[in-house]
Structures are given as structure tokens and as C-alpha cells.
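# Structural overview for review
The lines below spell out each chain.
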Amino acid sequence: MQAAIVVFPGTNRERDMALALRRATGRKPAMLWHRDTELPAGTDLVVLPGGFSYGDYLRCGAMAAQSPIMRAVKDFAARGGHVLGVCNGFQMLTEAGLLPGALLRNATLRFLSMDCHMRVERADTPYTHRFRRGQVFRATMAHGDGNYFADPATLDELEAEGRVILRYATPAGEVTEAANRNGSARGIAGIASANLRVLGLMPHPENQVDPAIDGTDGMPLFESLAETLASAA
Amino acid sequence: MKVLVTVMPKVGVLDPQGKAIGHALAGLGFAGVGEVRAGKVIELEIAETDAARAKQLAEEMARKLLANTVIESFRVEVA
Amino acid sequence: MKVLVTVMPKVGVLDPQGKAIGHALAGLGFAGVGEVRAGKVIELEIAETDAARAKQLAEEMARKLLANTVIESFRVEVA
Amino acid sequence: MTTSAPLPALLAPDRAAQLAAEYGLKPDEYDRVLAILGRTPSLTELGIFSVMWSEHCSYKSSRVWLRELPTKAPWVIQGPGENAGVIDIGEGLAAVFKMESHNHPSFIEPYNGAATGVGGILRDVFTMGARPIANLNALRFGMPDAPRMKRVIDGVVRGIGGYGNCVGVPTVGGEVNFHPRYNGNPLVNAMTVGIARADRIFTAKATGIGNPVVYVGSKTGRDGIHGATMASTEFSADAEEKRPTVQIGDPFAEKLLIEACLELMATDAIVAIQDMGAAGLTSSSVEMAGKGGMGIDLVLDDVPQREAGMTAYEMMLSESQERMLMILKPGREAQAEAIFTKWELDFAVIGHLTDTGRITIRHRGALEADIPLAPLESEAPLYRRPTAETPKQPVLDPATIPDPVGLDKALLTLVGSLDLCSRRWIWDQYDSMVGGHTARRPGAADAAIVRVEESLDQGGNRALAMTTDCTPRYCLADPEEGGKQAVAEAWRNITATGALPLAITDNMNFGNPEKPEIMGQFAAAVRGMAAACTALDFPVVSGNVSLYNETEGRSILPTPAIGGVGVLEDVAQATGLALPPGLDLILVGETRGWLGQSLWLREIAGREDGAPPPVDLGAERRNGDAVRGWIRAGLVAACHDLSDGGLLVAAAEMAMAGGCGASLDPGPAALPPHAWWFGEDQGRYLLAVANGAGLLRAAAAGGVPALRIGRSGGEALVLPGGLAISLAELREAHEGTLPALMADTGMQAS
Ligand SMILES: Nc1ncnc2c1ncn2[C@@H]1O[C@H](COP(=O)(O)OP(=O)(O)O)[C@@H](O)[C@H]1O
Ligand SMILES: [Mg+2]
């Protein structure tokens with residue numbers, strides 16, 4: 001797997017992401033700069049990591065979505081490339097139009113830094129096949145604007161096309177209001193593109209990849225990716 | 001030339017902040033406060049002397065960056 | 001009656017958001033953008049028919065809650 | 001003095017004397033200014049003297065006392081005197097850390113006051129070449145029902161989170177107290193810990209005649225300039241425009257500054273570097289040149305400016321945030337500029353080093369200041385102010401203090417009280433995980449644990465343990481015992497995770513030092529701290545002093561906040577406080593039932609009196625070293641130090657953290673039960689172990705007092721006699737307090 005992580009001014013979870021990818025693949029991902037205009041040859045995964053690109057000023061991810069590198073990322077996605085956007089990266093994907101909807105201010109109007117649980121709605125995607133369908137896993141969330149919004153028609157379409165990949169749930173797997181701390185529409189934590197190759201999610205599975213730090217709940221996501229891309233190569 | 005771009009949440013889009021402000025105002029004893037919407041305003045100095053052109057430019061900025069038209073609407077005023 | 005409260009960073013107070021927006025606009029190729037300041041606007045429905053009284057009420061709300069007068073100034077318009 | 005050199009525009013003598021007083025210089029201090037210059041000063045010169053000789057920059061009241069603190073150990077690389085302290089943590093790595101206060105600004109504008117406090121302490125750490133890996137804080141608030149206080153609490157917490165989350169440094173721990181004595185003067189102390197290579201530490205010592213002086217970061221505005229400027233007739237223009245403005249933090253700029261500085265530090269272009277903190281360009285340029293015994297010439301026209309028409313005085317005194325000053329090697333300007341331009345930051349050469357031993361400042365072709373640097377430092381005022389001892393309070397006999405409510409009610413009241421309730425509402429707003437190395441986040445262990453990425457990169461698994469501690473009510477009752485206790489508790493908290501405590505930073509928050517009883521508190525606290533640091537091999541490597549914390553003549557509680565750092569060779573050894581089922585509970589340390597100044601006494605009996613619990617430093621060391629040894633031997637499944645609230649509160653905290661109850665044995669018949677369960681005797685730990693008998697044998701062999709007090713399991717804490725308090729009840733009391741208090745503060749826009 002040839003992963004590349006894009007660093008924007010203000011990105012701050014790129015090293016976390018690199019650690020997770022390295023654990024899953026044994027390889028160091030390439031680090032790209034937002035001003036780069038093309039991806040390194042052979043790149044098969046682009047990751048837009050978490051952080052506060054441009055300070056999250058104006059709207060989270062809005063300025064990053066206009067960066068030079070995003071042109072190349074869009075082309076890559078259009079050619080069927082795999083793109084993972086986590087937290088700020090998810091916000092960028094929506095701002096860039098690679099995924100529908102938008103991420104609004106958390107319903108609590110506060111930054112939420114805590115564990116959450118997510119239910120895997122589909123286990124037949126490049127990102128989730130090492131999970132079971134309905135499996136619940138724990139991840140860190142840390143965001144001020146993770147409240148997923150799309151108009152009802154778009155939401156219905158996402159559901160109908162099976163593009164809702166992850167939902168906030170209780171540890172027992174129930175999608176409840178209490179488990180959905182940021183107030184996301186229909187408890188949505190992660191959605192994918194129609195070809196399932198672009199995934200955006202708010203929580204940080206990259207922080208749960210080491211038993212000595214905080215458990216390995218997030219590992220299956222990275223292992224799924226590693227496997228998908230190894231078999232594709 | 002000074003231009004003001006006002007960006008508001010679209011009708012139908014959740015506005016938790018506006019709602020919370022409404023609550024807080026009621027809590028402070030302000031009666032008769034109905035709907036509250038919270039938006040942003042961006043004040044720009046543009047090197048442009050023609051008001052129509054300044055407006056057009058600001059609208060382009062709003063569409064490209066200042067507003068997210070999935071959730072927000074905007075209006076431009078030239079001061 | 002609809003009232004608009006616009007809250008802006010005071011003159012001389014650093015506005016990191018405005019600064020970043022200015023940078024980003026330049027990066028997008030918009031030339032001639034000078035100072036950019038970013039503020040908030042709060043749109044209120046007030047059960048009040050007298051414009052002067054509505055304005056006075058909104059000013060009180062701004063002082064008490066909507067603006068942080070240590071770093072922000074505000075203005076009220078009745079729509 | 002006669003000189004042929006040109007002079008700056010001097011103030012008229014009367015005006016100068018009047019302004020000196022307005023800027024806070026005492027008459028004899030101003031006489032010294034005149035003697036050093038041999039003439040009246042210019043406005044800019046007077047500004048420089050007044051800020052350099054302010055309490056904040058010169059430590060004029062505290063320096064004589066701070067000298068008593070032990071600052072050396074074989075692992076100390078850099079003690080007090082630089083921007084931050086540095087200790088060797090093994091594997092060629094160093095931990096760089098410091099704590100700093102932002103009390104006054106946080107009361108005026110809580111969000112930005114706290115945010116810029118975090119920004120300032122981060123700069124102190126990365127200026128030494130370290131990547132910040134953790135933030136902590138120590139907060140003291142007034143009572144939530146005091147005027148404005150909820151807004152202050154909300155703003156401070158948001159500000160700390162807003163800044164730390166954005167720069168991507170996890171906020172991993174802290175402490176909070178509430179007391180009416182902070183109603184008009186809350187305390188916001190922020191601590192940063194960073195990691196550097198031990199052989200790549202940067203300092204502020206400027207050397208090399210002709211070397212360029214370089215300004216990087218954000219532009220300079222009129223932020224935070226001495227309020228007295230207003231009174232000056234030199235500024236006849238629009239008064240509103242000239243008003244000193246509140247400093248706003250820009251964490252985005254700070255993040256860029258961190259990355260750019262570290263990128264440049266990886267080259268060999270930098271000779272010296274210093275952040276522009278309090279008194280901005282003045283203190284950074286004066287201190288850098290002074291440390292290197294150099295002179296410095298500045299040309300202010302080249303300073304990046306945010307506002308039009310700034311004067312030399314304003315630029316030298318501005319406290320705009322996110323700025324650094326560097327001395328580069330000759331010819332490295334272009335290399336450095338490329339890096340700062342890449343990170344979209346301002347870069348400007350604003351002067352060069354000289355051999356004159358003077359600082360000269362030019363602006364718009366005019367000389368604005370010309371001051372000899374050596375006397376500016378050596379002649380700085382230094383006071384040994386009169387001290388008065390705090391009268392000792394009587395030791396309370398627990399037998400004379402009846403229990404009005406019973407153990408179960410007292411426990412529920414205590415775990416829900418302001419000083420003991422869960423801080424989750426606070427830490428849920430702080431990103432504690434960013435970086436991917438936080439092994440114990442807030443609430444999980446007595447100290448936060450963060451693995452060192454550089455260690456992992458070289459095949460190790462080393463981690464740091466970090467904590468902040470102080471018990472101000474003890475310090476008020478007996479500042480010496482309180483100072484000792486604060487250091488001991490930090491040491492104990494680190495020990496309880498299995499880590500080896502290495503060194504501390506401190507933040508001395510006190511009232512008006514011109515009052516003998518306040519200076520007496522300060523001196524006594526230092527005495528106590530020094531004794532504990534020595535006995536525990538826990539030296540002070542950095543610190544900060546904040547005096548004049550008073551409103552309307554009433555001072556805060558004396559608050560010497562301690563930030564401790566320790567090291568774990570293997571992060572997998574870290575022990576937390578979550579209680580697992582089926583284990584023996586072992587109490588380590590001696591319990592005499594000390595109720596004086598305890599939270600039980602305050603919250604249940606409604607009294608704030610008596611002598612605070614003394615710290616027996618020998619027992620502290622012996623008990624702690626034993627506990628750490630047992631943890632490292634793998635004998636301990638969970639561990640918690642006993643502090644506020646005593647034994648039963650500690651047991652409840654472990655139970656709630658682990659989601660597991662316990663049944664508890666009766667205490668000794670000689671002690672009233674409430675004194676046994678809620679007394680705050682020092683030097684104690686509560687351990688959960690599989691083999692209780694084995695541990696007791698080991699303790700006896702080491703001369704360590706230890707006792708089995710119960711066994712874990714079930715869904716409740718079962719008190720002797722069978723009274724059960726369910727975990728659900730405990731949680732409701734513990735978790736409910738802050739969310740309920742702060743429920744109506746959610747509407748702030750940012
Ligand atoms: N202001 C704060 N920010 C982050 N964490 C905090 C803060 N205050 C307290 N905590 C965390 O809450 C927990 C309990 O704090 P405290 O009661 O002071 O612990 P102890 O008494 O064991 O030293 C610790 O994990 C501490 O780090
Ligand atoms: Mg503590």
C-alpha cells in the first residue's frame with residue numbers, strides 16, 4: 001500500500017495517522033504538502049487527516065478544500081482512487097464536494113472530546129471488511145463541528161444507496177439520541193461515495209491502534225484498507 | 001471600497017447557536033423574543049471603485065469560499 | 001419586528017479569522033483584497049412594534065449577551 | 001556624563017518623574033534610572049525600565065526567597081533561568097517544561113486570557129527546541145454563584161480548549177479548586193511539557209558581533225500595552241484608537257510558528273532564540289543581548305506592524321502574541337526566511353548584535369533609546385521585604401468532632417462537592433488524545449501518561465507522567481506545611497502510576513508582597529517546598545511568580561501550584577486507578593484520622609480550621625519508593641494516592657473509574673469512623689492487588705505501614721456494617737455537579 005497523508009497549515013493529527021498506517025502496513029506513508037499539485041506516482045490511498053486546517057476559521061475545512069493539492073485529490077477520486085477523510089478531513093471532503101452534506105456546529109455548542117462508539121452499517125467496503133456488520137467499536141472523538149447535516153432527500157438517497165457506513169451507537173449497538181453527542185442527522189458518523197472508495201468520518205480510529213496506549217478498536221479499519229489495497233496492487 | 005458579505009444559515013438548516021441564544025435571552029428575562037438566527041458577516045476592503053463590480057467580485061468570493069451554499073445563503077452590500 | 005445585531009471585533013483588536021480569510025482569498029487569486037474583518041450577525045424577531053423601542057431592547061441584549069464589549073463592538077439595525 | 005553620541009528625545013524632567021510613577025517605578029527606582037543613564041530618559045527608555053523592573057519581569061520581591069529552592073540533580077540539564085527547565089529522561093532525550101500564570105487577563109477576558117496563557121507557555125517550551133507533547137493546567141475559581149464567575153469558568157475552560165485543541169497539543173491533566181477567596185481573582189496557571197534531543201537544546205544567549213536579529217511570527221499591534229500610555233499627552237489622537245487592547249490568541253498562527261521554528265531548529269542556522277512574552281520585544285531583546293554580554297541595535301521600521309502609526313514606545317511594549325526573536329548565524333537569513341514564508345508567517349531582520357553592551361533603538365531615522373544593558377539587569381531592584389509568620393493553628397482531636405450525618409451521606413455529599421466532583425465537564429472540552437500517545441487521560445490515573453514518540457521511533461517505549469497539585473486551604477493554615485504538601489502530592493501522584501518523579505516547575509500565586517503576612521506566606525511556602533524537593537530528590541527546574549492577586553484588599557489563598565514530571569521506562573507499566581473485581585484493597589501509609597483542614601470538616605461539619613495534615617517526608621519517600629517498586633514488579637492492578645477527602649473518597653473514585661464496587665472492613669476501634677474514612681493524613685496510597693497477604697509481607701519487610709481494608713467486587717461500596725452505596729448513586733452525585741452548574745452557559749458564540 002502506498003499511502004499519502006496531506007498536511008495543511010493547521011493540520012495536527014497527521015502523525016497519529018502515520019502511526020496507524022505504519023502499524024497496519026509496516027510502511028511509512030508519504031507526507032504531502034497542501035501546495036503540492038500532484039500525488040506521488042503509485043499512490044493508492046490519500047488521507048486527509050484531522051486538525052484545524054487554517055485554524056478552522058470561517059468554516060472547518062473550507063479553506064483547505066480550495067488548496068492546490070485538492071485538485072489532484074479530486075482527480076484521483078474520479079479515477080477510482082481511495083480517499084479517507086477523518087474529522088477535519090471529512091469536513092474538507094464535504095466542502096470540496098467529494099461527499100454530500102455538511103458538518104455543522106455540535107448541537108451542544110461545545111467541543112466534544114471523548115470516547116464514542118460506532119456501529120458498522122456495512123462490512124463489505126474497502127474500509128470495513130475486517131469488521132462484522134453490526135459490530136460496534138470505540139474511537140476517540142474530538143471536534144467542535146461534527147454535526148452531520150444533509151437535506152432529507154440527500155439523506156434518503158445515502159441510506160438507499162447504502163452509503164451510511166458508520167453510525168453513533170451505544171456500546172450495545174443501539175442508535176440512540178444519547179449516543180449521538182454532536183447531534184448528527186440520523187446518527188451518521190461516516191459516509192462513503194457511491195463507489196465506496198471515498199470515506200469520511202468524524203471520530204479518530206487512528207488513536208486506537210496500540211494496546212499500550214488506548215486499545216486496538218480502530219485497527220480493523222486500517223487492516224481492511226491495507227488488505228484491500230494489497231490485493232488491488 | 002468596503003463590502004459586507006452576510007452569511008446566514010439557510011431556512012431548514014439547523015441553527016443550534018441561534019436557538020441557544022434565544023434560550024439565553026429568555027433566561028435573562030427578555031420577553032417576546034421569537035426566532036433567532038445566528039450568522040456571520042465578513043467586511044472586506046476591495047481595491048475597486050465601481051460599486052457594481054465590487055459587488056460582483058464579493059459575490060464570487062462568497063460562492064467560492066465565504067459561504068457554503070449547501071447550508072448557507074448570503075447577501076452582499078457595498079458600503 | 002425583525003432586528004439585526006452585528007458584532008465586530010473592535011478596531012485594534014486582533015482578528016485572526018479575518019486575517020486567515022484575507023490570506024485564503026489572496027490564495028484563490030482574488031487580487032486587491034485589503035483588510036478583512038470577520039464578525040457575527042444575529043437576527044432576532046422581537047414582539048415589539050415600535051422601532052425605537054425594538055432598537056433599545058436589542059442594544060440591551062447586545063450589551064448583556066450578544067457582544068463581548070471588552071473586545072467587540074456592535075451595531076443594531078431594525079429591519 | 002558627557003557624550004558626543006546623539007541623544008534620543010528626552011522627556012522634560014518633571015514629566016519623566018510623573019510618568020515613572022504612573023508606570024509603577026518607585027521614586028528610588030527612578031533615581032537609579034537617572035543614575036544609569038546620566039540624564040533623563042526618553043519615553044521609550046522609561047517604558048523599557050518600567051517593564052524590565054516590574055515585579056513580573058524582575059522578580060524583585062521573590063528572588064531572594066526563590067534562591068532557597070533546590071535546583072540541581074544529575075538529571076537536570078537546565079534549571080531555572082532559561083525559558084523552561086530541561087531534564088534528561090534517558091535515551092538521549094530531554095523533557096522541557098514550565099508553568100505560567102495568566103490570572104489577571106483571564107479575569108478581564110476569560111476566553112482570550114486563558115487562551116493566550118496557553119499560547120505563552122507553549123512558546124516558552126518550543127523556544128528551547130522541544131516539540132510540545134502535553135498541556136496541563138491548575139485552575140482556581142471563586143464560587144459559581146459569585147458575580148460573573150460562571151462566565152469566567154466557562155470562558156477559561158473554552159479558552160484553554162480552544163487554544164490547545166487547535167495547536168494539536170493534548171491537554172492531559174490539571175486541577176481545579178473553588179473558594180470564595182478567588183471570587184475577585186481566579187487563577188489560571190498553564191503548563192506545557194515538550195520533548196527535545198538532550199544535545200539539541202536552544203537557549204536565549206545571543207553571541208556573534210554583527211549577527212542578525214530576526215523577528216518571526218505574527219505582526220505587532222497595540223495589544224496589551226501598559227495602560228498608563230493613555231494618560232500620556234504624547235498621544236493626542238483619537239483616544240479610543242490608542243486604548244490598550246486585550247490580547248487575542250491566534251492558535252493557528254501558533255501552530256504554524258511551532259512547525260516553522262522546529263523546522264529551522266533542525267538546521268544549524270540559529271544562534272539564540274527567545275519568545276516575545278510579557279513586555280514583548282523589550283524583554284526578549286534585552287534578555288538575549290544581556291545573557292550573551294552583547295549589545296543590540298534595533299531598527300523598528302522593519303518590525304512587521306498590524307496597525308498604522310505605531311510609535312517606538314508602543315512597539316517595544318506591545319504584547320502581541322505568537323512572535324519570536326532569534327539571532328541567526330551570518331548569511332542564514334534567506335534559508336530561514338524561506339521556511340517562515342512557507343508557513344505563511346512574517347519574517348524580518350530588525351537589527352544586529354554589537355559589542356557596545358548597549359541597546360539602541362531607532363525608528364523613522366531618530367534614536368529612540370540608548371541604554372547600557374549591564375546595569376539594567378544588575379541594578380534592577382531587589383527587595384527583602386518584611387515577613388510575618390502565619391500563626392499556627394491547633395491540632396484538632398478527632399474525638400472532639402462529632403459526625404453529624406453518617407458515613408454514607410458524607411461520602412455522597414463529598415464526591416459531589418465542588419472540590420471533589422468529577423471534572424469531566426472540563427476535560428471533555430479538551431482534546432486529550434491528539435498525538436496518539438496519551439496512555440492515561442484525565443480521570444484515568446493520578447498523573448497523565450504520554451508516550452514519547454521519539455522513544456518509539458528509536459525502539460523504546462518511554463513515557464512521561466505529569467501532574468499539577470496544590471492544596472491552598474492547607475497553605476493558608478500553614479504555608480510551610482502546605483508548600484511541602486503540594487510538592488509531596490505531585491511526587492505521590494507520579495509515583496502512583498509507577499513512574500519515577502524527576503523534577504517540578506512551580507507557579508507561586510500570592511497576594512500583595514508589600515504586606516508582611518503575605519510575604520511571610522511566600523517565604524514559608526518556599527521553605528516547605530525546598531524541604532520536600534530535597535527529601536524527595538525532586539528539584540525545581542522552572543517556575544513563575546504571580547503576586548498582587550488581591551481584590552479590595554483581600555488576597556487569594558496562598559497557592560504555590562506545583563507541576564511535576566516523571567518518567568516510565570515502559571509505557572505498558574503505567575498503572576491507573578480503575579478498580580478491577582476480585583482483588584484485595586491495601587492501604588499503605590499511616591492513618592491517624594487527621595481532620596484539621598480536611599474537606600470533610602469543611603463540607604460536612606461546616607468548619608475551615610485546625611492545623612493541616614503534616615507531611616513526614618521520610619515516610620513519604622519510604623512509602624512511595626515501596627509502592628513504585630511493587631508497581632514495577634507487576635504486583636499492583638490499580639493504585640490511587642489519598643488526598644482530598646481521604647480513604648473513602650479514594651475508594652469511591654477507584655470504584656467509579658473501574659465500574660466495580662468493594663466491601664470494606666472496619667477501621668481501628670481507637671478512631672472515630674469518620675476520622676478513619678475521611679481524615680487526610682499524608683503519604684498514603686490505596687492499592688488493588690491479587691495477593692494481599694504477599695504484599696503485606698513485603699510491606700512489613702520494608703518497614704512500610706500497610707493494612708488490608710477490603711476486597712473489590714460487586715456494584716456498590718459496602719461499608720462496614722453492611723450499609724451499601726451503589727455505584728449508580730455515587731456516579732450521579734459525582735458526575736452531576738458541574739454539568740448542572742454550567743448548564744446555562746452554552747450560548748457563547750465562540
Ligand atoms: N483543569 C483540568 N483540566 C484537565 N484535567 C483535569 C483538570 N482538573 C482536574 N483534572 C483531572 O481530573 C482528575 C482528578 O483531579 P484531582 O482531583 O486534582 O486529582 P488528584 O487529587 O488525584 O491529584 C485528574 O486526572 C486530573 O488530571
Ligand atoms: Mg491533585
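About the cut-offs
Sequence positions are assigned chain by chain, starting from 1 and proceeding in written order. Key to labels: chains lettered from A, ligands numbered from 1, both in the order written. Where local features are concerned, this predicted model is filtered to residues with pLDDT of at least 70; where side-chain atom pairs are given and counted, the filter is 80 or more; whole-chain, interface and lining totals use all residues. For side-chain calculations, the full set of non-hydrogen atoms in the structure is used, while hydrogens and water are omitted. Segments assigned H or I by DSSP are reported as helices when at least four residues long, segments assigned E as strands when at least two residues long, and all are numbered from the N terminus. The size measure is the radius of gyration over C-alpha atoms, and the globule rule it meets is 2.2 Å times the number of residues to the 0.38 power. For the exposure calls, accessible area comes from a 1.4 Å probe over protein chains only, and a residue counts as buried if that area is under 20% of its type's maximum, exposed if over 50%, partly exposed in between. By the convention used here, residues are in contact when the closest approach between their heavy atoms is within 4.5 Å. Accessibility throughout is a Shrake-Rupley quantity obtained with a 1.4 Å probe, and a residue counts as covered only by protein chains that appear here. For this analysis, a salt bridge means a side-chain nitrogen from Lys or Arg found within 4 Å of a carboxyl oxygen belonging to Asp or Glu. Here a residue is near a molecule or strand as soon as one of its heavy atoms is found within 4 Å of it. What qualifies as a polar contact is a pair of N or O atoms within 3.5 Å, subject to a donor-acceptor requirement within protein and to the restriction that residues adjacent in sequence count only when both atoms come from side chains. Polar here means any residue other than Ala, Val, Leu, Ile, Met, Phe, Trp, Tyr, Cys and Pro, which are nonpolar, and Asp, Glu, Lys and Arg, which are charged; Gly is therefore polar. Here the nonpolar core consists of buried residues drawn from Ala, Val, Leu, Ile, Met, Phe, Trp, Tyr and Cys, with membership extended through side-chain atoms lying within 4.5 Å. Expected span of a helix: the number of residues minus one, times 1.5 Å. Strands pair, by our definition, only if DSSP identifies at least two bridges between them. Axes, fitted as lines to C-alpha atoms, cover a helix only where it is in contact. Angles between the N-to-C directions of the axes lie from 0 to 180 degrees. In these notes the angle categories are as follows: under 35 degrees is roughly parallel, over 145 is roughly antiparallel, 65 to 115 is roughly perpendicular, and the rest is oblique. By convention, the crossing between two helices is left-handed when the near helix turns anticlockwise from the far helix through less than a right angle, and right-handed when the turn is clockwise. Summed over both partners, the accessible area lost on bringing two parts together, with a 1.4 Å probe, is the buried area.

Along its length, chain B carries 2 helices and 3 strands. In sequence order, the secondary structure elements of chain B are arranged as β-α-β-α-β. Its C-alpha radius of gyration of 16 Å places chain B more than 25% over the 12 Å reference for a compact globule of 79 residues. Structurally, chain B occupies a C-alpha span of about 45 × 25 × 15 Å along its principal axes. Going through the 79 residues of chain B one by one, you find that 49% of them count as buried. In chain B, of all internal contacts separated by at least 6 residues, the share reaching a separation of at least 24 is 73%. Summed over all atoms, the accessible surface of chain B reaches about 3,700 Å², with 53% contributed by carbon and sulfur.

What follows deals with the pattern of salt bridges. Scanning all chains against the criterion turns up 73 salt bridges over all chains. Between A:Glu159 and A:Arg186 there is a salt bridge whose closest N-O contact spans 3.5 Å. With A:Glu159 in helix 4 (residues 152-160) and A:Arg186 in the loop between strand 9 (164-169) and strand 10 (188-192), this residue pair connects regions lying 27 residues apart in the sequence. With a closest N to O distance of 3.4 Å, C:Lys2 and C:Glu43 form a salt bridge. Taken together, the residues C:Lys2 in strand 1 (residues 2-9) and C:Glu43 in strand 2 (residues 33-46) connect sequence positions 41 residues apart. When its relative accessible area of 37% is taken as the criterion, C:Lys2 is described as partly exposed. Taken together, the salt bridges that share partners define one network made up of A:Arg119, A:Glu121, A:Asp156, A:Glu159, A:Arg167 and A:Arg186.

The subject of this paragraph is the site of ligand 1. Residues and elements named next belong to chain D. In the vicinity of ligand 1 lie 20 residues, with Asn 137, Gly 174, Gly 443, Asp 469 and Asn 493 positioned nearest. The contact in question runs from a nitrogen atom of ligand 1 to an N or O atom on the side chain of Asn 137, over 2.5 Å. The contact in question runs from an oxygen atom of ligand 1 to an N or O atom on the side chain of Glu 489, over 3.4 Å. Here ligand 1 loses 84% of its free accessible area of 550 Å² to cover by the protein chains. Contributing elements (two or more residues each) for the shell around ligand 1: strand 4 (131-141), strand 5 (171-178), helix 16 (424-427), helix 19 (479-495) and strand 23 (636-641). Top element by residues in the shell around ligand 1 is strand 5. It accounts for 4 residues. In terms of residue class, the shell around ligand 1 is built from 7 nonpolar, 7 polar and 6 charged.

Let us look at the nonpolar core. Formed by 123 residues in total, the largest nonpolar core has its most connected members in A:Leu45, A:Leu84, B:Leu66 and D:Phe340. Counting residues per element, this core draws most heavily on helix 10 (residues 251-265) of chain D, which supplies 9 residues. Among all residues touching A:Leu84, those that are not within four sequence positions of it are A:Met17, A:Leu45, A:Val46, A:Val47, A:Leu48, A:Tyr127, A:Leu199, A:Leu201, A:Leu221, A:Phe222 and A:Leu225. Among the nonpolar cores identified, the runner-up in size contains 58 residues, and D:Ile504, D:Met508, D:Ala530 and D:Val571 belong to it.

This part covers helix 1 (residues 14-25) of chain A. For an α-helix, the turn length of 3.6 residues means that residues three or four places apart are oriented alike. When the terminal C-alpha atoms of helix 1 of chain A are compared, their 16 Å separation across 12 residues agrees well with the 16 Å that a helix rising 1.5 Å per residue should span. Taken as a whole, helix 1 of chain A has its buried residues at A:Glu14, A:Asp16, A:Met17, A:Ala18, A:Leu19, A:Ala20 and A:Leu21. Looking at the buried positions of helix 1 of chain A, the neighbouring elements they touch are strand 1 (3-7), strand 2 (30-33), strand 3 (45-48), strand 4 (82-86) and helix 5 (219-232) of chain A together with helix 17 (453-457) of chain D. Once helix 1 of chain A ends, the next one or two residues include A:Gly26, with phi positive near 75°.

Residues and elements named next belong to chain D. The element strand 3 (residues 93-101) is extensively covered by neighbouring structure, given that 8 of its 9 residues are classed as buried. Where strand 2 (residues 85-90) and strand 3 come together, 5 bridges link them in antiparallel fashion. Residue pairing for strand 3: Asp 88 is matched across the bridge by Ala 94. By the bridge criterion, 9 bridges tie strand 3 to strand 6 (residues 187-197) in an arrangement that is antiparallel. Paired with Phe 97 across the bridge in strand 6 is Val 193.

Residue and element names in this part refer to chain A. Close contact between helix 1 and helix 5 brings their axes to 9 Å; oriented N to C, the two are set at 60°. Classified by the angle their axes make, helix 1 and helix 5 are oblique. Crossing of helix 1 over helix 5 shows right-handed handedness. In contact with Met 17, Ala 20, Leu 21, Arg 23, Ala 24 and Thr 25 of helix 1, helix 5 contributes Met 219, Phe 222, Glu 223 and Ala 226.

All names here are of chain D. Residue placement: Thr 282 occurs in helix 11 (residues 280-292). Classification of Thr 282 by relative accessible area gives buried; the value is 0%. Ignoring anything within four residues of it in the chain, the contact list for Thr 282 reads Ile 48, Val 51, Met 52, Met 316 and Leu 317.

The next thing to look at is the environment of A:Lys28. Residues and elements named next belong to chain A. Mapping Lys 28 onto the fold places it in the loop between helix 1 and strand 2. On the basis of relative accessible area, Lys 28 is assigned to the exposed category, the value being 67%. Separated by 138 residues in the primary sequence, Lys 28 and Leu 166 place their C-alpha atoms 27 Å from one another.

On to the interface of chain A and chain D. Taken together, the contacts link 33 residues of chain A with 41 residues of chain D. At the boundary of chain A with chain D, total buried surface from both sides reaches about 2,900 Å², with 49% on carbon and sulfur atoms. Looking only at chain A, the three residues that lose the most surface to chain D are A:Arg15, A:Arg110 and A:Ile213, adding up to 24% of its buried area. Counting every contact that joins chain A to chain D gives 7 salt bridges. Across the pair A:Arg15 and D:Glu453 runs a salt bridge whose closest N-O atoms are separated by 3.4 Å.

Take D:Thr575: it is sitting in the loop between strand 21 (559-568) and strand 22 (584-588). Dropping the residues within four chain positions of it, D:Thr575 is found in contact with D:Arg440, D:Ala445, D:Ala496, D:Thr497, D:Ile631, D:Val636, D:Ala637, D:Ala638 and D:Cys639.

So, about the sheet that holds strand 3 (residues 72-78) of chain B. Pairing is antiparallel across the open sheet formed by 6 strands, whose spatial order is 3(B)-1(B)-2(B)-2(C)-1(C)-3(C). Either end of the sheet is taken by a strand with one partner, and the two such strands are strand 3 of chain B together with strand 3 (72-78) of chain C. Looking at each pair of strands side by side, their axes are set apart by 25° on average, direction ignored. Pairing of strand 1 (residues 2-9) of chain B with strand 2 (residues 33-46) of chain B, which is carried by 6 bridges, proceeds in the antiparallel orientation. Its bridge partner being in strand 2 of chain B, B:Lys2 is matched across the sheet by B:Glu45. Contacting strand 2 of chain B together with strand 2 of chain C, helix 1 (residues 16-27) of chain B crosses the sheet at an angle of about 125° to strand 2 of chain B.

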